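Inside the fold
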Amino acid sequence: MKSAIEDYFPIVDINRLAVPERNAFKPIYTMHKWFARRSSSVFRAILLGALKPAETDIMKEFYKDHTNDPDTKGKVILDPFMGGGTTVVEALRLGCKVVGVDLNPVAWFIVKTEVKSVDLTELQAAFDRLVSRRVKWSGKPLKQTLLSLYKTECPECSNKDADILYTFWVKSAPCTTGNCNYLTPLFSDYIISQKKPSIRYFPNCSCPKCKRTFDWEIDSASLVGVQKLMVNSPGFSAGEGRSNTRWAYSSNNKAECPWCGEIVIPVSKSHKAKRKKVPLSVLYCPACEEVWQYRGELADNVQCPSCSRHYNPIEGNMPEKGKFICRGSCGGNVDAVIAAIRTLSKDHLLPTRPYVIEGYCEKCAGTKVKEKEKDTDFFEEEELEVKDLRENGSSSDALLKKNSGKFFKRISSSDQALYRQTEILWTDNKSQLPYPLSEVPEGEKTKSGLIAHHYFYWRQMFNCRQILALSTLLDAIREEPDLEQREFLLLAFSDSLEANNTFTRTITRRKTPGGTAPGGVFSRHDFQPKMTYGEQNVFGSIAGRKTFSNCFEKVREGKDFNLNIYDRLVKDTNLIDVQSLEKINSTPDDVLLMCQSSADMSNTPLADQVITDPPYAGNVNYSELSDFFYVWLRLLLKDTYPQFLPEFTPKADEAIENKNRGKSSADYKNLLNQIFKEASRVSRADAQLIFTFHHAEDSAWEALLDSICESGYFIEAVYPVHGEAENSMHLMDNEAISYDLVHVCRKRENGTSSSHKAWATIKHDIRRRAREEARLIESGRYGNEPLAPSDINILLIGKCLELYSKNYGTIVDHEDKPVPLRRALEEIKMLVDQLVAKDRPFPTELEDLDVPSYIYFSKLCGYKEISGDELSKSTRGIVAPSILKDYGLIIKGRENRGRSFEIKLPVERMNSLKPKFAEKASNQAQLFDDDTSTILTNDVLFVDCVHFLIGSAELGEQVRPWLQRFGGLSPQIHAALEWLIKYPGVTFKESAKKVLNLMDERTLFTTQG
Ligand SMILES: C[S@@+](CC[C@H](N)C(=O)[O-])C[C@H]1O[C@@H](n2cnc3c(N)ncnc32)[C@H](O)[C@@H]1O
Ligand SMILES: [Zn+2]
Ligand SMILES: [Zn+2]
Ligand SMILES: [Zn+2]
Ligand SMILES: [Zn+2]
């Protein structure tokens, strides 16, 4: 039975859902970090398309309840590369049974916890047990113990019980000159945070004494809580839209007039307070280490209020990434940070010190910060009228109230003392606590990102306080008696590792609600040591990202989602959540998760469909990156699950391209091949294989297509989905177009036809097929909005591949040589290009040209010179530009320092063409017969013949005998000459006309005779 996805996939609707999803994954998919997660909407649509019969409207089905749908219920879905479990979760929703396989134990553990049913009350109870569990070394409950590691004194009210939200650390590098020895702190600038709070004020109040007017502000704009550290720009500090108005702040009914300095009761014209935004920057002073605030647009020359030094806050000691200027006596030696590291002995990291604290004082926050509001930046205030203020004043006049009690402050001696104390605690207790002892194994990512920077052990990625807090937390989780709950707590713990290490960047600008929340170690898919890092409160106070309490909350929400699933719907450009009736309430009978290589799946039940997302060459180094989590997870899981016994995640069997491990692209391809074959073996004869694949490079795609064909499948359709702005036309101009492609494949029927098929015939059918499909697309198959040309190209190529791949291995060219996929793909791309190129329809006589000739006639013949960029665009991924060079059609240009190409003229090619034809001339009267595919011989291109004729005409050499020899190609040559004569920019039209006249003369002559 034909399935819906074989004919059609709702790419436009799905793109609309996939784009926002990549920015906000649904809760079940955020329970733990996994690299390169896919959009679940894409997989839901794929599953429905695979399981529902042809003609089904997939988008209609998308929002229906499939709990008891006979098309989906009980169907066995196999995903041999389950990763973060997108297929597994989406299939379970549809009532399918699922077999998920992944080599990586971390992936396995994540998916296992994602699909496991849990009683939410029990989960909460386990968390409550955990936080109150007594810590051996402190004798106090866990939560209290962990929070006590992060306490500081509030700069405004001196409350000693304020929480540290973040500690900012900076590394220093020793001078590399040998005698200077100075340690330069690696600041790239001195900006700690920038915010624009919106404050309430009464505009243009007048002073009863001097009669002049000013803004009376009733909210304080302070991020530091200490008046003498709050500096105002001498120019404009009144805030956005208030230009150089003067202002005064007061939370009661009296204010100091900014003109006459008298304490007065300002006279306001309006009764309601207005709002304005005030730009604030928190700055660090490199001379005295003060942390202070600058109000107004930041200037490039500021003066520290503590030591009076002037400096430029945006100019640190790092002129570019990875380089630093020594600020010592050597006079400004510039060198790479990595060179400075090499001067250290192997057991030393760059020295690090804390330089700022961001904290939270509950007392200064006032009474209005409720639990829910704590995470937002500025809580909502009720409208305030002048008279209220007159009568009551505001409820608290703490400077920090407006900032929810949060503040920035310099490191004090007691902060330093507290940190030193944690170092002692760690040394005293580490033998009792679980933490990873493993070394960092040498790999592609670990070598450059960790080992080169002297991180030889995983534990070195954490500072003393972090590792004390984390191992204490893990120790308490280990004591949870309920095995299931313990694993959920462990999952939250493991995910929190990502943002509680010394590789977490602080984000100074207001990108996140917290303003300073750190980006985790895997913001990119590698290890990248940071020159400054943000240490957050491991347990979590009122702000933070991936603190342990945040992560637990995410796990809770993920589990809640299992029973309260929603899908997103686009309605008039808005995204709304629609509740689904489906649930993930899986029993062991529904889901089988295996942690092993998929190269051998003998132990799995027969699958109805195979739906997956294979790794893309060397794009993401799953196993190396996941060791970061694995070495911690292993401490609690190795006694229960044998896959956690080895010291690291398995590397040898991973399907990946990785030079460091000696895995070539051929190895990668062979393993994929083997796994596809195995998937075919363990699935039913009519099972489809459907998978997404990231496509950026043609060569990787070619290898993949080839391996599908080799493993016995044929390709029925390829659909593009992309995460960038939907259908943007600019994609076409993009040199390296990158999509995710959905491939729909079925098993080839074996043995029925081993007889050879002529490529020319198949190409004929392919062309017809592509025309049909192009017509369908044009008539609105994918909706009313036009598709991007690159999308149309992919769709058509997909349909063309079907006929080729169905007959894979049996197709031969006119010389009886097998046609490899590479060649077929090239010709298919050319054919599709002809179909979609509307600007200058190509004559039918020239449809079957060899590829370089096609590029020449369709894109290049009107140019004398072309830039490299322009050339890549012209070749449109059909062939590599270098091929054109190899055939002598273009040469590197002289202009533009070789970044352009000259298109050779026919006469310029004569010297190289003559010998080519001389060889041929010796034995045959007629060089080519009229089967056009015979033009595609090894070294003679069709364009060579045309150029040879034109060149000969231009040089006054004999043309007529050659016309005779090329007789079989007459119609094509004739069409090509006419084409050139009409083509704008062609400079050798006269000679082409000469040849054309001779041809016509000859025709006349032959018809007469
Ligand atoms: C692209 S990811 C899958 C991502 C998943 N679709 C998601 O949305 O999270 C590919 C997965 O293949 C796994 N893998 C690599 N080689 C494997 C092998 N030989 N057997 C099984 N799984 C393998 C990797 O560990 C990785 O998790
Ligand atoms: Zn306070
Ligand atoms: Zn005044
Ligand atoms: Zn200073
Ligand atoms: Zn120096």
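Residues numbered from 1 in each chain as written. Chains lettered and ligands numbered in written order. Predicted model: local features only at pLDDT ≥ 70, side-chain atom pairs only at ≥ 80, totals over all residues. Heavy atoms only, no water.

This part covers the site of ligand 1. Around ligand 1 lies a shell of 23 residues, among which Arg 38, Gly 84, Thr 86, Asp 102 and Asp 613 are the nearest. The backbone of Gly 84 places a nitrogen or oxygen atom 2.8 Å from an oxygen atom of ligand 1. Between Ser 598 and ligand 1, the recorded distance is 3.0 Å, taken from a backbone N or O atom to a nitrogen atom. Relative to its unbound accessible area of 600 Å², ligand 1 is 99% covered by the protein chains. The class makeup of the residues in the shell around ligand 1 is 10 nonpolar, seven polar and six charged. (Near = heavy atom within 4 Å. Polar contact = N/O pair within 3.5 Å; in protein donor to acceptor, adjacent residues only side chain to side chain. Areas by Shrake-Rupley, 256 points an atom, 1.4 Å probe, with all protein chains shown as cover. Nonpolar A, V, L, I, M, F, W, Y, C, P; charged D, E, K, R; others polar.)

Time to look at the coordination of the zinc ion (ligand 5). Only Cys 175 (SG), Cys 180 (SG), Cys 326 (SG) and Cys 330 (SG) from the protein coordinate the zinc ion (ligand 5), and they sit 2.2 to 2.3 Å from it. Between the four donor atoms coordinating the zinc ion (ligand 5), the angles at the centre fall across 106 to 121°, so the site counts as tetrahedral. Of note, the zinc ion (ligand 5) draws all its donor residues from one chain, in the sequence arrangement C-x4-C-x145-C-x3-C. Of the two residues, Cys 175 sits in the loop between strand S4 (162-174) and strand S5 (183-185) while Cys 326 sits in the loop between strand S18 (323-325) and strand S19 (334-336), which places them 151 residues apart along the sequence. (Donors = N, O, S within 2.8 Å, 3.2 Å for Na, K, Ca; no water. Tetrahedral: all angles 85-135°; square planar, octahedral: opposite > 155°, others 65-115°. Helix = DSSP H or I, 4+ residues; strand = E, 2+ residues; numbered from the N terminus.)

Among the five residues in strand S8 (residues 213-217), four count as buried, and that is most of the element. Judged from the four bridges that link them, strand S7 (residues 198-206) and S8 form a sheet pairing that is antiparallel. Bridge pairing links Ser 206 to Thr 213 in S8. Between S7 and S8, which pair antiparallel in sequence order, lie six residues; one of them, Lys 211, sits at a positive phi of approximately 70°. Across three bridges, S8 lies against strand S10 (residues 247-249) in parallel orientation. Looking at S10, one finds that Asp 215 is bridged to Trp 247. (Buried < 20%, exposed > 50% of the residue type's maximum accessible area, 1.4 Å probe, protein only. Pairing = 2+ DSSP bridges.)

Enumeration over the complete set of coordinates arrives at 69 salt bridges. With a closest N to O distance of 2.9 Å, Arg 769 and Glu 802 form a salt bridge. Here the residue Arg 769 occupies a position in helix H19 (residues 759-778), and Glu 802 occupies one in helix H20 (residues 789-806), the gap between them amounting to 33 residues. The partner of Lys 817 in a salt bridge is Glu 815, and the shortest N-O contact between them spans 3.0 Å. With relative accessibility at 39%, the residue Lys 817 sits in the partly exposed group. Residue Glu 815 is classed as partly exposed on the basis of its relative accessible area of 38%. When salt bridges with common partners are traced through the structure, they connect Lys 763, Arg 767, Arg 771, Asp 813, Arg 823, Glu 827, Glu 847 and Asp 848 into a single cluster. (Salt bridge = Lys/Arg side-chain N within 4 Å of Asp/Glu carboxyl O.)

Let us now look at the coordination of the zinc ion (ligand 4). The protein atoms that coordinate the zinc ion (ligand 4) are Cys 285 (SG), Cys 288 (SG), Cys 304 (SG) and Cys 307 (SG), at distances of 2.2 to 2.3 Å. Geometry at the zinc ion (ligand 4) is tetrahedral, judged from the four donor atoms that bind it and their angles of 105 to 115° at the metal. Along the chain, the residues donating to the zinc ion (ligand 4) are arranged with the sequence spacing C-x2-C-x15-C-x2-C. Judged by its relative accessible area of 2%, Cys 304 falls in the buried class. Residue Cys 307 is classed as partly exposed on the basis of its relative accessible area, which comes to 30%.

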